[in-house]
Amino acid sequence: GALPAGAAADLILDREQQNAASIQQRWQAHLATATKVPDTSFALTLQAAKRHTLLTGTLSHIWHLNPECLLAHATASNLIKEKRWRFDKLAPHWLAHLAACAQGLAARSFVIGLDRQLHWAPLPQKTARQQLERLFLLYLKAWQRPLSLTPENVSLPAEALALPAS
């Protein structure tokens, strides 16, 4: 978008530069000694409601930090808005985390947002696959009986998830 003219633009630009610097510093704190891993393709056959589907994709945010494997993500947005997790910012990263773990990659994941960082521990392969299959089942059910979803009625209070936020 366009910035307003004059001093107002300078204030906005300064704030945005400070936000970017904060994200950059936290990113470096996690990955300063890590090595970027080339993009990794995956293919998982999911089963739910007597249906099978092939979930394919590419994990493009993998880093190796002895002895760990990390999935690292950053967003220039807040992860919580009005005391509620922003699933539009978290869902793609959670699905990547599940796919990596279901593929057998014992990955720890993190998302760096403007307001906080969120970390996910590695999941057992079986648990990750079960969670993906549960999401697939919910997806199938949603097409059988669509709901009217708006951001207001989809978000949950942050406390309901009981996720550690740092």
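One can find the structure itself at the top, above this paragraph.
Residues numbered from 1 in each chain as written. Predicted model: local features only at pLDDT ≥ 70, side-chain atom pairs only at ≥ 80, totals over all residues. Heavy atoms only, no water.

## Describing the nonpolar core
Working step 1: Among the nonpolar cores identified, the biggest contains 19 residues, and Leu 44, Leu 59, Leu 71 and Leu 132 are the most heavily contacted of them.
Working step 2: For this core, the secondary structure elements donating two or more residues are strand S2 (40-48), strand S5 (68-74), helix H2 (87-102) and helix H3 (125-144).
Working step 3: For this core, the element with the most residues is H2, which contributes six residues.
Working step 4: Beyond its immediate chain neighbours, meaning those up to four positions away, Leu 71 contacts Leu 59, His 61, Ile 62, Ala 96, His 97, Ala 100, Leu 105, Ala 107, Arg 108, Ser 109 and Phe 110.
Working step 5: Judged by nonpolar contacts, the second largest core, of 10 residues, contains Leu 31, Ala 72, Phe 110 and Ile 112. (Core = buried A, V, L, I, M, F, W, Y, C linked by side-chain atoms within 4.5 Å. Buried < 20%, exposed > 50% of the residue type's maximum accessible area, 1.4 Å probe, protein only. Helix = DSSP H or I, 4+ residues; strand = E, 2+ residues; numbered from the N terminus. Contact = heavy atoms within 4.5 Å.)

## Some words on the environment of Thr 45
Working step 1: Checked against the element boundaries, Thr 45 lands in strand S2.
Working step 2: Separated by 10 residues in sequence, Thr 45 and Leu 55 have C-alpha atoms that sit 6.1 Å apart.
Working step 3: With residues up to four places along the chain from it excluded, the contact list for Thr 45 reads His 52, Thr 53, Leu 54, Arg 129 and Glu 133.

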